[in-house]
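Survey of secondary and tertiary structure
Next come the chains, spelled out residue by residue.
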Amino acid sequence: MRKNIVAGNWKMNKTIEEGVQLVKEIKSLISEKQISSVQLIINPPFTHLSVLKNEIANSVIKIGAQNCSYESSGAYTGEVSVGMLKSIDIDYVIIGHSERRAYFNETDEILLKKLNLVLESGLLPIFCCGEVLSQRDAGIHFEVVRQQIENTIFKLSEDKFKKVVIAYEPVWAIGTGRTATSEQAQEIHKYIRNLITEKFGSTVASEISILYGGSCNAQNAKELFQNPDVDGGLIGGASLKAADFVQIASSF
Ligand code: PEP
């Protein structure tokens, strides 16, 4: 069954101590609000994963990495492999965040390699796609997103594809305070689900969670999440404050 998901992308923020404190606060707020209809995921920096994996034990929170290497092992100084992530038993890996595409030159070809490695290890990818402002202004955002999807997750086998969580993140909305309107989000999420229907059929399409990301916060989450094709959010800035993150998770 399709899941509602709220995933926090901490990016390069928080020391380990601060991260432990944030998770403790999230855990205590969740138990007060009795959140049950949503899967909560935190994606802290690599250095924090082991410690925070222990911190979330026996809670409803799952944990993911923000990235992984496109190679499985070897002479790749500074990289972290999927096998290493698997060895500490994490659940998810974010693949193709726009910051990785823009600042680290991650191409669709690289992302497809990562997707295959993640899925073959039994971890679950949160795959990001989305257009930049000039593409939205030129009215080519549907085409851009279609190409990003066709070059990557549509090249996976159906069995692998079914495990992917998609995050539509218009780049112009990430960290800018400018959110897509509820209508803009629904329109493109529906478009993505229709593409999946054409490619893999309506049963697969109805099972895939499609998250919205881009300045989603405690104030606008409810309006975004009420859309039939918006199954939650990938949250950057607002995931760094426990009260905001839990409020977003209570917005279904
Ligand atoms: C993100 O980094 O995935 C994101 C959506 O960031 P923000 O919520 O800060 O816009």
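Shown above is the structure to which this text applies.
What counts and how
Per chain, residue numbering runs from 1 following the sequence as it is written. Local features in a predicted model are, by the rule used here, given only for residues with pLDDT of at least 70; side-chain atom pairs are given and counted only at 80 or more, and totals for whole chains, interfaces and linings are based on all residues. Side-chain measures here rest on the full set of heavy atoms in the structure, leaving out hydrogens and waters. Axis angles are defined between N-to-C directions and span 0 to 180 degrees, where every axis is a line fitted to C-alpha atoms and, for a helix, only to the segment in contact. Here a strand is any run of E in DSSP of at least two residues, a helix any run of H or I of at least four, and the numbering for each starts at the N terminus. By definition in this entry, angles of less than 35 degrees are roughly parallel, angles greater than 145 are roughly antiparallel, angles of 65 to 115 are roughly perpendicular, and the rest are oblique. Crossings are sorted by hand: turned counterclockwise from the far helix by less than a right angle, the near helix makes the crossing left-handed, and turned clockwise it makes it right-handed. Whether two residues touch is decided by their heavy atoms; if any such pair falls within 4.5 Å, the residues are in contact. We call a residue near a molecule or strand as soon as one heavy atom of that residue lies within 4 Å of the molecule or strand. Contacts described as polar in this section are N or O atom pairs within 3.5 Å, which, within protein, must combine one atom able to donate a hydrogen with one able to accept it, while residues neighboring in sequence count only if both atoms come from side chains. Residue burial considers only the protein chains on display, and all accessible areas are found by Shrake-Rupley using a 1.4 Å probe. Residue polarity is assigned by list, with Asp, Glu, Lys and Arg as charged and Ala, Val, Leu, Ile, Met, Phe, Trp, Tyr, Cys and Pro as nonpolar; anything else, Gly included, falls into the polar class. What counts as a ring pair is set by centres within 6.5 Å for rings of Phe, Tyr and Trp (its six-membered ring), and what kind of pair is set by the plane angle: stacked under 30 degrees, edge-to-face over 60, tilted for all other angles. Throughout this description, the term charge over a ring refers to an Arg CZ or Lys NZ atom that lies within 6 Å of the ring centre and within 35 degrees of the ring normal. Partly exposed residues are those whose accessible area sits between 20% and 50% of the maximum for their type, while under 20% is buried and over 50% is exposed, using a 1.4 Å probe and protein chains only. Our arc is simply the arc of the directions from the helix axis toward the C-beta atoms. For the purposes of this section, nonpolar cores are sets of buried Ala, Val, Leu, Ile, Met, Phe, Trp, Tyr and Cys residues that join through side-chain atoms within 4.5 Å.

As a further point, take the packing of helix α1 (residues 16-33) against helix α12 (residues 242-249). Running from N to C, α1 and α12 cross one another at 40°; their axes reach a closest spacing of 9 Å. Relative to α12, the element α1 lies oblique. The element α1 and its partner α12 pack so that their crossing is right-handed. Across the interface between the two elements, L22, E25, I26, L29, I30 and K33 of α1 pack against A242, A243, F245, V246 and Q247 of α12.

Once that is clear, we can look at the site of the ligand. Lining the immediate surroundings of the ligand are 14 residues, of which K11, E169, G175, S215 and G236 lie closest. One of the side-chain N or O atoms of N9 is found 3.4 Å from an oxygen atom in the ligand. Within the side chain of E169, a nitrogen or oxygen atom sits 2.7 Å from an oxygen atom of the ligand. For the ligand, the accessible surface in isolation is 290 Å², of which the surrounding protein chains cover 95%. In terms of residue class, the shell around the ligand is built from four nonpolar, eight polar and two charged.

Right, let's get into the packing of aromatic side chains. Tallied over the full model, the rule gives five aromatic pairs. Judged by centre distance (4.7 Å) and plane angle (20°), the ring pair of F225 and F252 falls under stacked. Here F252 lies in the segment after α12 and F225 lies in helix α11 (residues 221-225), a separation of 27 residues in the sequence. What links up through ring pairs into an aromatic cluster is the set F154, F161 and F200. Sitting above the plane of the F200 ring, K199 keeps its charged end 5.8 Å from the centroid.

The subject of this paragraph is the packing of helix α7 (residues 141-150) against helix α9 (residues 182-200). Between α7 and α9, the shortest axis-to-axis distance is 11 Å and the interhelical angle comes to 40°. Between α7 and α9, the angle is such that the two are oblique. α7 and α9 meet at a crossing whose hand is right-handed. Counted together, H141, F142, V145, R146 and I149 of α7 and E187, I188, Y191, I192 and L195 of α9 form the full contact between these two elements. Residues belonging to the contact of α7 with α9 are distributed by class as follows: seven nonpolar, one polar and two charged.

A few words on α12. Every buried residue belonging to α12 is among A242, F245, V246, I248 and A249, and all of these are buried. Viewed along the axis of α12, the buried residues span an arc of 155°, placing them on a single side of the element. In this structure, the buried residues of α12 make contact with β1 (5-9), α1, β2 (39-43), α11 and β8 (232-235).

For the rest of this paragraph, the subject is the nonpolar core. Counting residues in each nonpolar core, the largest one holds 68 residues, and the members touching the most others are I42, I153 and I196. Residues within four places of I196 in sequence aside, it is in contact with F154, F161, I166, G201, V204, A205, I208 and I210. Among the nonpolar cores identified, the runner-up in size contains eleven residues, and I5, A7, I126 and L211 belong to it.

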